Structure formats: C-alpha cells, structure tokens
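Coordinate analysis (summary)
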Amino acid sequence: MAAPARTLNCEDFSMFQEVLRVMRNIDDRIVHSLNTTVPTVSFSGKVDASETCKQLYETMMEAHLTRDKAIKSCIAQTSEVMGHLREERAKDSDNMTLLRQLRKEQTKLKLMQSELNVEEVVNDRSLKVFSERCRIHYTPPKVK
C-alpha cells in the first residue's frame, strides 16, 4: 500500500498531477483498507486491530510526508526557474518569448501551490476516517 517511488516531473504539470493522483491512492482507498483490515466487534478476536491500525497509520503518514516533500520540492524548483527568468527579463524586457515563458511558469507555480491545499484536504479527510474507525484500537502520537 506504500506510495510508489516515482519522482515528480516538475516541468510538465499534467504529469505532476498524474503522479500525485497515483500517490494519493492510499488516501482514496482508506475506507476500503479500514473495512478489510480492521475487524468489527464480532471478529475482533481474530485480528490484532491495534497493530493493523498502527501499520495503516504509519503507511498513511509516510505517504503524506512523501507527497508533501515532493510538492514543495517542485514549488521550489519552479520558483527558482522563475527567478532566472525574471533576471533574464530584467536584461531583455522586450523579449516576448521570455515573457510568455515567465507567465507560463507563474501559472504552473500557482497550480502547484493549489495542490498543497488539495493535499491538506485529502490528508484531513483520511485522518478523520482513520480516527473514526481506529480510535478505540490505536491512538497516534501527537504531532508537534
């Protein structure tokens, strides 16, 4: 269930989104994972629910951290490209190709930053579902 070890392509936003979509599979399938691994009261003696919940939590947190780092890395990379383009534009303000490229990078940066907001919503939803099903079996450590 771990997130795939694919690196994000920061150059092409559609590829960036596609890799994120694949990386979010664990969150998309959290309800299914909980239903198939955490027992109901009648089956609670057959499976160690606290260990199952702990493993699922750790997998989920690892996926969240991996995605967060990847998105922030692409934001930093795109910001750096924009910085170079701004320097070039300062030297040659009449270059329309440079101006178009700068606008394209600005748009891509805004879209990547919006993915951080999407990530926050996805993570909150997953944690809510997790806590609803696992709160009696496992209490995650407090995040500082």
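Structure: above.
It should be emphasised that the depicted structure is a prediction, and the values quoted were computed from it without experimental measurement.

With that out of the way, let us pick up the overall build of the protein. Scanning the protein from N- to C-terminus turns up five helices and zero strands. For the protein, the sequential pattern of α-helices and β-strands runs α-α-α-α-α. The buried share among the 144 residues of the protein stands at 33%. Within the protein, contacts between residues separated by at least 24 positions form 75% of all contacts whose residues are at least 6 apart in sequence. Split by element, the accessible area of the protein, about 9,300 Å² in all, is 53% carbon and sulfur.

By the definition in use, this model includes four aromatic pairs. Between Tyr-57 and Tyr-138 the ring centres are 5.8 Å apart and the planes differ by 50 degrees, which places this aromatic pair in the tilted class. With a gap of 81 residues between them, Tyr-57 in helix 4 (residues 49–91) and Tyr-138 in the segment after helix 5 (96–134) connect regions that are remote in the sequence. Like Tyr-138, Tyr-57 is buried. Both rings, one in Phe-130 and one in Tyr-138, keep their centres 6.5 Å apart while their planes meet at 80 degrees; by these two values the pair is edge-to-face. Accessibility expressed as a relative area gives 2% for Phe-130, which makes it buried. Relative accessible area serves as the criterion here: at 14%, Tyr-138 is assigned to the buried category. Taken together, Tyr-57, Phe-130 and Tyr-138 form an aromatic cluster joined through their ring pairs.

So, about the nonpolar core. Residues Leu-8, Phe-16, Leu-20, Ile-71, Cys-74, Ile-75 and Met-112 are the most contacted members of the largest nonpolar core, which totals 17 residues. Those elements that place two or more of their residues in this core are helix 1 (13–23), helix 4 and helix 5. Looking at which element gives the most residues to this core, the answer is helix 4, with six residues. Not counting residues within four places of it along the chain, the set of residues in contact with Ile-71 comprises Leu-8, Phe-16, Leu-20, Arg-24, Met-112, Glu-115, Leu-116 and Glu-119. Residues Ile-26, Val-38, Cys-53 and Cys-134 belong to the second largest nonpolar core, which totals 13 residues.

Closest axis-to-axis distance for the helix 3 (residues 30–37)/helix 5 pair is 10 Å, and the angle between their directions is 15 degrees. Comparing the axis directions of helix 3 and helix 5 gives the class roughly parallel. Once helix 3 is placed against helix 5, the crossing between them reads as right-handed. For the pair helix 3 and helix 5, the contacting residues are Ile-30, Val-31, Leu-34 and Asn-35 in the first and Arg-125, Ser-126, Val-129, Phe-130, Arg-133 and Cys-134 in the second. Looking at the contact of helix 3 with helix 5 residue by residue, the classes come out as six nonpolar, two polar and two charged.

Below, the discussion takes up the environment of Gly-83. Within the element layout of this structure, Gly-83 appears in helix 4. With 19 residues separating them along the chain, Gly-83 and Leu-102 place their C-alpha atoms 9.2 Å apart.

Rules and cut-offs
- Residues numbered from 1 in each chain as written.
- Predicted model: local features only at pLDDT ≥ 70, side-chain atom pairs only at ≥ 80, totals over all residues.
- Heavy atoms only, no water.
- Helix = DSSP H or I, 4+ residues; strand = E, 2+ residues; numbered from the N terminus.
- Buried < 20%, exposed > 50% of the residue type's maximum accessible area, 1.4 Å probe, protein only.
- Contact = heavy atoms within 4.5 Å.
- Areas by Shrake-Rupley, 256 points an atom, 1.4 Å probe, with all protein chains shown as cover.
- Phe/Tyr/Trp six-rings, centres within 6.5 Å; stacked < 30°, edge-to-face > 60°.
- Core = buried A, V, L, I, M, F, W, Y, C linked by side-chain atoms within 4.5 Å.
- Axes fitted to C-alpha atoms, helices over the stretch in contact; angles between N-to-C directions.
- Parallel < 35°, antiparallel > 145°, perpendicular 65-115°, else oblique.
- Left-handed = near helix turned anticlockwise from the far one by under 90°.
- Nonpolar A, V, L, I, M, F, W, Y, C, P; charged D, E, K, R; others polar.

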